[in-house]
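Descriptive analysis of the structure
Below are the chains, spelled out letter by letter.
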Amino acid sequence: MTQRKRLSNSQTPSQSKRRSDSLEEDDGDMPFTQPSSSQVQRGMEKFTNSQVDQKVAEVLQYILVKDQKKIPVRRADLVRNILKDYRNVYPEIIRRVVQTLDQVFGFKLVEIDTKNHLYILINKLELSEATAPLNAPSNPKMGLLFVILSVIFMKRGVVKESLIWNTLKKLRVDPGEKHALFGDVKKLVTDEFVRQRYLEFVRVPHTEPIEYEFRWGQRAEVEVSKAKILEFMGQLHEQEPQTWSQQYKEAHAPPGASQPSTSQQR
Amino acid sequence: MRKSKGGGEDPSRHNGSTGRRRGDRNSEGDHDGFGSGSLQDDDNDPATRREIRSKYRDLINSVQQNREDMLSPSNNKLTEVLEEANKLFKDVRQPREAALDAQLLVVATDLGKEKASQLFAEGSSFNPAAFAVHLLSFMGLNRLENGDNEEENGEGYLPNDAWDRVARRAECCFRTAPTFHYMMGSFHAEPPPPKQRIERQRKLKKMEESHQEATEKEVERILGYLKSYYQDDPTTPISYYEFVIDPNSFSRTVENMFHASFLIRDGLARMYLDDDKLPCIAPVEEEMEGAASTSRHQCVTSISMKTWRVSQFYL
């Protein structure tokens, strides 16, 4: 039952110039490929139900803890560190994990990167202004992220880094200085938000001196509502959201239409 | 690397402020401008060349630094830059300068493309600068009261919860899974309280040790005296009270009693009642130690100021 196929999971060195993707290999372990259903069946016969449940609990804990920092979970890490001998019953374990997350926690486990098998948790429920708890502490970093995502969206998906820095400066947030709330702003924006997959910070080819652009990250595509951002824009500018017709179209497109693509510029 | 002549090849766009009209350029004959033979001094003068290159770099920088400014449909700055570039190009003779010209063209074209897209886009444009101003209001910027200029500059006092307000509003747009945290926090590998106790104990021990040392010295000293008195006259019993009482100091007396008790405790001295039933103290001879240790008794001796004063009288 050994799987020697390497192609689908390994990456060629020249593949990604993106700063956002620093993928690690499986440290010499065989790359994980989905077991067939017969393999799963045979696997299930090896273990008792409570053993499998135990693994399910471990996977759940792992995912929940990873989610604290909003770092996506790699399938390879799950298999190597948690599942180990249970790798052949991976599909069954994941099925139970997804079910528990859904019914007990109200979370969805979403694969944001189908090539590298990265997963995140999002909330099944949507917050609205009316239901948001008034006195709950909020994370100011989310405010900063929100501003950046809004600008990128309103600018149709890609912006040069200079635009972001200049906009933030107008809000008294200077990437060159230590900010009272955010500290090292540049690091927060280009490193932390990128690792969390909220943003992509990509080098523009053929630029001299080197320039970078910002785009929405894979997590943002799934977790953030463009329609709601547009609604907020409307409130701020005292305009109807529909006046930004292109953004409106994009925000209200049927799901699946707005996938992250390499170029969203006309 | 020459720019095309104005007119035919470049359909000029009569869109008012964003229209680009290239300066009309007469081609300057067929002079090959790349550094050969019979040229004027200027063409070879390195200072002039440097100047041209420097001016190009300035132009490029100004486009890059003031990008948003130039994007604004309300001015002609991009056109001005291009006109400036046209002028410079007349003096270009060498590849280095021409390369800079090309670089400027790339930067300017990029900007031009964006300006054009602003024009032809349906729907309202989005201006990040205006967005910032509106957001500052939302964050609760307290503007200074010196008129309207401050509003545009975004000056004023930003409250401490400015970003919290934004974050709260932002939360509604996110479907973030709430994260869990242990209510009591996690526990440390090494619990701090025992550490404190250990440190305190160590301090106490040190204090005790130094006390103990002092006591031991005193005890030894007293033992010394006791032995010497005994040796002076082994047959006469040493009155306990005579031994411990210091007629000049009550506290010293008490200390002597304290130290003497150690001698007795350690079996180095013994107390007994003489024929008059008065307590006496004597050092324990080493051969007799074994016997003495089997018949140990305890008693409590005390003395009060009053008694001491009385004894002063007698000693």
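Residues numbered from 1 in each chain as written. Chains lettered and ligands numbered in written order. Predicted model: local features only at pLDDT ≥ 70, side-chain atom pairs only at ≥ 80, totals over all residues. Heavy atoms only, no water.

The condition that has to hold: UniProt positions are given in the numbering used here, feature names are shortened, and annotations may be inferred rather than shown by experiment.
Per an unreviewed UniProt entry, chain B goes by the name Non-structural maintenance of chromosomes element 4 and belongs to Neogobius melanostomus. Under the Subunit (unreviewed entry) heading, UniProt states for chain B: "Component of the SMC5-SMC6 complex." In its Sequence similarities (unreviewed entry) section, the UniProt record describing chain B reads: "Belongs to the NSE4 family."

Under an unreviewed UniProt entry, chain A has the name Necdin-like 2 and belongs to Neogobius melanostomus.

**Observations regarding the overall build of chain A**
Rules: Helix and strand definitions follow DSSP, with helices as H or I runs of at least four residues and strands as E runs of at least two, each counted in order from the N terminus. Throughout this description, buried means an accessible area under 20% of the type-specific maximum (1.4 Å probe, protein chains only), exposed means over 50%, and partly exposed covers the range between. Here a residue-residue contact requires only that any non-hydrogen atoms of the pair lie within 4.5 Å. Where accessible areas are quoted, they stem from the Shrake-Rupley method and a 1.4 Å probe; at the residue level, only the protein chains shown are allowed to cover.
Tallying secondary structure elements over chain A gives 10 helices and 8 strands in all. Every one of the 266 residues in chain A was classed for burial, and the buried ones make up 48%. Intrachain contacts of chain A at a sequence separation of at least 6 include 62% that bridge at least 24 residues. Counting only carbon and sulfur atoms, one obtains 50% of the accessible surface of chain A, whose full area is about 14,300 Å².

**Looking at the nonpolar core**
Condition: Within this scheme, the nonpolar core is defined by two criteria: the residues are buried Ala, Val, Leu, Ile, Met, Phe, Trp, Tyr or Cys, and they are joined through side-chain atoms within 4.5 Å.
Residues Leu144(A), Leu199(A) and Phe174(B) are the most contacted members of the largest nonpolar core, which totals 53 residues. Looking at this core, the elements that each hand over two or more residues are helix H5 (140–154), helix H6 (161–170), helix H7 (185–195), strand S7 (199–203), strand S8 (212–216) and helix H9 (226–237) of chain A together with helix H6 (128–138) and helix H8 (162–171) of chain B. Considering each element in turn, this core owes the most residues, 11 residues, to H5(A). Ranked by size, the runner-up nonpolar core spans 26 residues in total, among them Val89(A), Ile94(A), Val97(A) and Phe107(A).

**Concerning the interface of chain B and chain A**
What counts is decided by this rule: Here the quantity called buried area is the accessible surface, traced with a 1.4 Å probe, that two parts lose on coming together, added over both. Between Lys or Arg on one side and Asp or Glu on the other, a salt bridge is scored when a side-chain nitrogen of the former is within 4 Å of a carboxyl oxygen of the latter. Any pair of nitrogen or oxygen atoms within 3.5 Å is treated as a polar contact; in protein, a donor-acceptor pairing is required on top of that, and neighbouring residues in sequence qualify only through side-chain atoms on both sides. We call Asp, Glu, Lys and Arg charged. Ala, Val, Leu, Ile, Met, Phe, Trp, Tyr, Cys and Pro are nonpolar, and the rest, Gly among them, are polar.
Every contact between the two is made by 46 residues of chain B and, on the other side, 66 residues of chain A. Of the roughly 4,800 Å² buried between chain B and chain A, counting both surfaces, carbon and sulfur atoms make up 60%. At the junction of chain B and chain A, the tally comes to 2 salt bridges. Of the charged contacts in the structure, one is a salt bridge between Arg175(B) and Glu126(A), with a shortest N-O distance of 3.8 Å. At the junction of chain B and chain A, the tally comes to 9 residue pairs in polar contact (both at pLDDT 80 or more). Looking at the side of chain B that touches chain A, the elements with two or more residues in it are helix H3 (67–71), helix H5 (95–120), H6 and H8 of chain B. Considered class by class, the residues forming the side of chain B that touches chain A number 22 nonpolar, 12 polar and 12 charged.

**Structural notes on the sheet that holds S7(A)**
All names here are of chain A. Our working rule: In this scheme, strands are said to pair when DSSP sees at least two bridges between them. Helix axes use the C-alpha atoms of the stretch in contact, all axes being lines fitted to C-alpha atoms, and the angles between their N-to-C directions lie in the range 0 to 180 degrees.
Taken together, 3 strands build an open sheet; the order of strands is S4-S8-S7 and the sheet is antiparallel. A single partner strand is all that each edge strand has here, and the edge strands are strand S4 (159–160) and S7. In terms of strand pairing, S4 meets S8 through 2 bridges, oriented antiparallel. In the sheet register, Val 159 faces S8, and the bridge partner there is Phe 214. Seen against the sheet, H7 touches S7 and S8 and runs at an angle of roughly 120° to S7.

**Let's talk about the pattern of salt bridges**
Residue and element names in this part refer to chain B. If you walk through the whole model with that rule in mind, you get 28 salt bridges over all chains. One salt bridge connects Lys 55 with Glu 51, and the closest N-O pair in it is separated by 3.3 Å. On the criterion of helical spacing, the pair formed by Lys 55 and Glu 51 is a turn pair, its members being 4 residues apart in helix H2 (residues 46–65). Classification of Lys 55 by relative accessible area gives partly exposed; the value is 39%. Taking the shortest distance from any N to any O, the salt bridge between Glu 255 and Arg 252 comes out at 3.4 Å.

**Topic: the packing of aromatic side chains**
Residues and elements named next belong to chain A. Definition in use: When the centres of two rings from Phe, Tyr and Trp lie within 6.5 Å, Trp using its six-membered ring, the rings pair. Their planes under 30 degrees apart give stacked, over 60 give edge-to-face, and anything left gives tilted. Two conditions define a charge located above a ring, namely a distance within 6 Å from the ring centre to NZ of Lys or CZ of Arg, and an angle within 35 degrees of the ring normal.
Taken as a whole, this structure holds 16 aromatic pairs over all chains when the rule is applied. Relative to Phe 107, the ring of Phe 105 lies with its centre 5.8 Å away and its plane at 25°, an arrangement referred to as stacked. One residue, Arg 219, lies across the ring of Tyr 198, its end atom 5.5 Å from the ring centre. Taking NZ or CZ as reference, Lys 226 lies 5.0 Å from the ring centre of Trp 216, over its face.

**Description of a nonpolar patch on the surface**
Residues and elements named next belong to chain B. Heads up, the rule is: A patch consists of residues whose relative accessible area exceeds 30% and which take part in no salt bridge; residues with like charges are grouped when within 9 Å of each other, and nonpolar side chains (Val, Leu, Ile, Met, Phe, Trp, Tyr) when within 5 Å.
A grouping of Val 310, Phe 313 and Tyr 314 is seen on the molecular surface, where their side chains present a nonpolar patch of about 420 Å² in accessible area. Position of Tyr 314 relative to the elements: it lies in helix H13 (residues 305–314). Taking the relative accessible area as the measure of exposure, Tyr 314 reaches 65% and is therefore exposed.

**Here's the deal with the confidence of the model for chain B**
All names here are of chain B. For the record, the criterion: The predictor rates its confidence in each residue with pLDDT, a number between 0 and 100.
Averaged over all residues, the pLDDT of chain B equals 77, while 75% of them reach at least 70. Scored below 50 in pLDDT, residues 1–33 shows 54 contacts in the model against residues more than four places distant or in partner chains. On the interface metric, ipTM, the complex scores 0.77, and its pTM is 0.57.

**Regarding H8(B)**
As a reminder of what qualifies: Directions drawn from the helix axis to the C-beta atoms are what define this arc.
Buried within H8(B) we find Ala162(B), Trp163(B), Val166(B), Ala167(B), Arg169(B) and Ala170(B). Seen along its axis, H8(B) keeps its buried residues to an arc of 165°; they face one direction.

**A look at the sheet that holds strand S2 (residues 107–113) of chain A**
Residue and element names in this part refer to chain A. Taken in spatial order, the 3 strands of this open sheet run S1-S3-S2, and their pairing is antiparallel. Looking at which strands have only one partner, the edges of the open sheet turn out to be strand S1 (73–74) and S2. Pairing of S2 with strand S3 (residues 118–123), which is carried by 6 bridges, proceeds in the antiparallel orientation. Across the sheet, Leu 109 pairs through a bridge with Leu 121, a residue of S3. Sitting on the sheet, helix H4 (residues 90–105) is in contact with S2 and S3, with an inclination near 130° to S2.

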